[in-house]
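For reference, the chains in residue letters:
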Amino acid sequence: MNSYQPVALYNTLTRKVEAIKTYEPGKVRMYSCGPTVYNVAHIGNLRTFLFQDLLKRVLSASGFSVLHCMNITDVEDKIIRDSQVGLAPTANNSDRLMKMREFTDHFTRIFFQDLEALRILPANFYPKATDHIPEMVAMINELIQKNLAYLREGSVYFRVKDFKSYGQLSRIDLGDSTSEIDDRDEYDREHVRDFVLWKAAKPAEPYWDSPWGPGRPGWHIECSAMGRKVLGEHIDLHSGGIDLIFPHHENEIAQSEGCLGHPWVTHWTHGEFLLVQNEKMSKSLGNFYSLKDLVDQGIDPIHFRFMIQSNHYRKLFNFSFEGLRASKASIERIRNFRRRMEEPTSEGIASWEGPLGPLDRLNHARNEFWAALRDDLNTPEALAALYTMVSDLNALDDRVPFSFLEKQHIILFLNEANQIFEAWPTVLAESDQEIEALVKERIQAKKNKDWKRADEIRNQIQSLGITLEDTRDGQSKWFRR
RNA sequence: GGCGCCGUCGCCAAGUGGUAAGGUCCGGGACUGCAAAUCCUGUAUACGUCGGUUCGAAUCCGACCGGCGCCUCCA
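1. Comments concerning the overall build of chain A
Of regular secondary structure, chain A possesses 14 helices and 15 strands. The principal-axis extent of the C-alpha atoms belonging to chain A is close to 90 × 55 × 40 Å. Here chain A holds 481 residues, and the buried ones make up 38% of them.

And the structure:
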């Protein structure tokens, strides 16, 4: 039996922070709404994926084994619109499907590159919608048999009024029927709230054959069908951006629970938006930065990762380059401290005796760090505990140098924390013969009080991305930035 | 119009009833050939405004102001 620490997380379903309950002890089945691959992801999308990464890492570090499934939406209106450009009106369906696949493959590749650059842990499964048409068709059939769906002109719709708990997640009041008044619906549904499960194909659109004629799945059904196939009939955790609460997640619940006849997802969790210049980012507004845009400006993806991870996932966050600089400086502080702990210990340094020594302070910080993360992923508070420890131990080490053992314990904790933040190295820096030689030459120049030559060498070394630090004993340390 | 979120030091941000964590930036000092790193240090009488509840409120209640989101595709 695994031992694990409870993790509390805000549940959109209950609007409360509550401990994650798993269907199977110690094992979290987690489903995340992934990208719609009709363009490169913008940094707002990436914030959501970073939130899911944070959640997974905290769960893993707390002793849970996480089975994670993230879908790739590779069929949808915009994908069809943008992928069919250049095809002759007479093109046949297999050409159209192939063209669409080429189009989505391109953006899917970029998506995975972004995940890698941001050190987002891969999911166990990345099912694609177009690979699961039969599963979706089967699920729609089930809903029709249960009288929760109906056919209209080659399309199939979910009958919302017959799913009694509809609106439980988004708290939408179905009693408000004013919206029906001006209903002049293009799809001829029974009710405006009804949503499409299967969309009849229009001319010159790629399609799949179905019992209801040629068409393609509606947007919501893929998550219900693939989640069920991959993770089963009881999902512990389902996550996505806050905008997916309605209608997407509400509709997923309707479809899945309509079929299963029992609750499907225990814990729903949603990440807040990222704003840029206090405005919502969206692909349709065209005001978005991609990760590549940042990299082209010389920004390290890790700095972006850290900036996002140091803010609470349920709070609106305004992206700024100033914030990025602050994040970079914060990371440097931790890296500097880590390097200090790696330095060799002088002869005869013993460990602290009595209370309030470095290990006591370390343990205090460690407890606060994990408690904050396990309390609804409170990263700002977790990092505050870490920074406080860094300041505290820097000052203490100035007065009473740490022993080798003490430093080793501190490094272990930094490695532990890095399992979440992935922002500082966990291995010793490598050495380099050429740099070593230049540093020796500079030390000699310093001894000769040849400051000009000493500064020359330092500039040369710095241009290689290396920083020098002179020490009291006339030696010099160097490391890569 | 309906539902909901947010407003804490220049910037970021924790704290949600007991008397304002932390980071960053900027200034002063120590150390230093100069840097870098590190340390020390620099009045948040104060949490959008106004009222209320309370022995006590940034934290609860009400009103108002400001910003934002969802209700249609959206991370």
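2. Some words on the protein's contact with RNA strand B
Around RNA strand B lies a shell of 55 residues, among which Gly-44, Gly-241, Ala-384, Tyr-387 and Asn-394 are the nearest. Where the surface near RNA strand B is concerned, the elements lending two or more residues are helix H1 (43-61), strand E9 (235-241), helix H6 (245-260), strand E13 (317-319), helix H9 (321-342), helix H11 (379-399), helix H14 (451-462) and strand E14 (466-470). Here the element with the most residues in the surface near RNA strand B is H11; it accounts for nine residues.

3. Examining the nonpolar core
Looking at soluble globular proteins, one finds that nonpolar side chains tend to be buried together. One finds Ile-140, Phe-158, Leu-197 and Leu-386 to be the most contacted residues of the largest nonpolar core, which totals 102 residues. By residue number, the principal contributor to this core is H1, which donates nine residues. By size, the runner-up hydrophobic cluster in this structure holds five residues, among which are Leu-438, Val-439, Ala-454 and Ile-457.

4. Re the sheet that holds strand E7 (residues 195-200)
Pairing in this open sheet of four strands is antiparallel, and the strands run E5-E6-E7-E8 from one edge to the other. Single-partner strands in this sheet number two, and they are strand E5 (149-152) and strand E8 (215-217). Within this sheet the neighbouring strands show an average axis-to-axis angle of 25 degrees, counted without direction. Judged from the four bridges that link them, E5 and strand E6 (residues 155-158) form a sheet pairing that is antiparallel. Within E6, the residue paired with Leu-151 across the bridge is Val-156.

5. Looking at the domain arrangement of chain A
If you check the domain split of chain A, you get domain 1 (8-143 + 222-292), domain 2 (328-421) and domain 3 (433-480). Each of domain 1 and domain 3 was reduced to a C-alpha centroid, and the two centroids are 51 Å apart.

6. Concerning H9
The first and last C-alpha atoms of H9 sit 32 Å apart over 22 residues, in line with the 32 Å expected at 1.5 Å per residue. By the burial criterion, the buried members of H9 are Ser-327, Ile-331, Ile-334, Phe-337 and Met-341. The buried side chains of H9 occupy one side of the element, clustering within an arc of 115 degrees when seen end-on. For H9, exposure combined with an orientation more than 90 degrees from the buried face picks out Phe-321, Glu-322 and Ala-329. Considering only its buried residues, H9 is in contact with helix H8 (301-309), H11 and helix H12 (404-421).

7. Considerations on the pairing of strand E3 (residues 27-32)
With five of its six residues buried, E3 lies for the most part within the structure. Taken together, the six bridges between E3 and strand E4 (residues 65-70) define a ladder with parallel strand orientation. In the strand pairing of E4, Lys-27 is matched with Ser-65. Traced from E3 through H1 to E4, the parallel crossover comes out right-handed. Two elements, E3 and E9, share three bridges in a ladder whose sense is parallel. Across the sheet, Met-30 pairs through a bridge with Leu-237, a residue of E9.

8. Observations regarding H14
Look at H14: 16 Å from first C-alpha to last across 12 residues, which is about the 16 Å you get at 1.5 Å a residue. Along H14, the positions that sit buried rather than exposed are Ala-454, Ile-457 and Arg-458. Down the axis of H14, the buried side of the element spans an arc of 100 degrees, and every buried residue falls inside it. H14 presents Lys-452 and Asn-459 as exposed residues on the side facing more than 90 degrees away from its buried surface.

9. Considering the sheet that holds E3
Overall, parallel pairing links the four strands, which are arranged E4-E3-E9-E10 in an open sheet. Taken across any chain shown, the strands that pair with only one partner, and hence form the sheet edges, are E4 and strand E10 (265-271). In this sheet, adjacent strand axes meet at a mean angle of 25 degrees when their direction is disregarded. Two strands pair when backbone bridges link them, and E9 and E10 are joined in this way by six bridges, in the parallel orientation. Among the inter-strand pairings, His-238 is bridged to a residue of E10, identified as Trp-268.

10. Structural notes on unusual backbone geometry
Cis geometry marks the peptide bond from Phe-246 to Pro-247, where omega comes out at 0 degrees. Examined against the element boundaries, Pro-247 turns out to sit in helix H6. In this structure, Arg-15 takes a positive phi of about 60 degrees despite not being glycine. Tracing the backbone through its elements, the reader meets Arg-15 in the loop between strand E1 (8-11) and strand E2 (16-19).

11. Quick look at the packing of helix H13 (residues 433-447) against H14
Between H13 and H14, the least distance of the axes is 8 Å, while the angle of their chain directions is 160 degrees. If you check the angle between H13 and H14, you find them roughly antiparallel. Both H13 and H14 take part in a crossing whose hand is left-handed. In this structure, H13 uses Ile-435, Leu-438, Glu-441, Arg-442, Ala-445 and Lys-446 to contact H14, whose residues at the interface are Arg-453, Ala-454, Ile-457, Arg-458, Gln-460 and Ile-461. When its residues are assigned to classes, the contact of H13 with H14 shows six nonpolar, one polar and five charged.

About the criteria used
Residues numbered from 1 in each chain as written. Chains lettered and ligands numbered in written order. Predicted model: local features only at pLDDT ≥ 70, side-chain atom pairs only at ≥ 80, totals over all residues. Helix = DSSP H or I, 4+ residues; strand = E, 2+ residues; numbered from the N terminus. Buried ≥ 20, exposed ≤ 12 C-beta atoms within 10 Å, placed from the backbone. Near = placed C-beta within 6 Å. Core = buried A, V, L, I, M, F, W, Y, C linked by C-beta atoms within 7 Å. Pairing = 2+ DSSP bridges. Axes fitted to C-alpha atoms, helices over the stretch in contact; angles between N-to-C directions. Domains from an automatic or database assignment. Expected span 1.5 Å × (residues − 1). Arc of directions from axis to C-beta. Contact = placed C-beta atoms within 7 Å. Right-handed = clockwise from strand over helix to strand, strands pointing away. Parallel < 35°, antiparallel > 145°, perpendicular 65-115°, else oblique. Left-handed = near helix turned anticlockwise from the far one by under 90°. Nonpolar A, V, L, I, M, F, W, Y, C, P; charged D, E, K, R; others polar.

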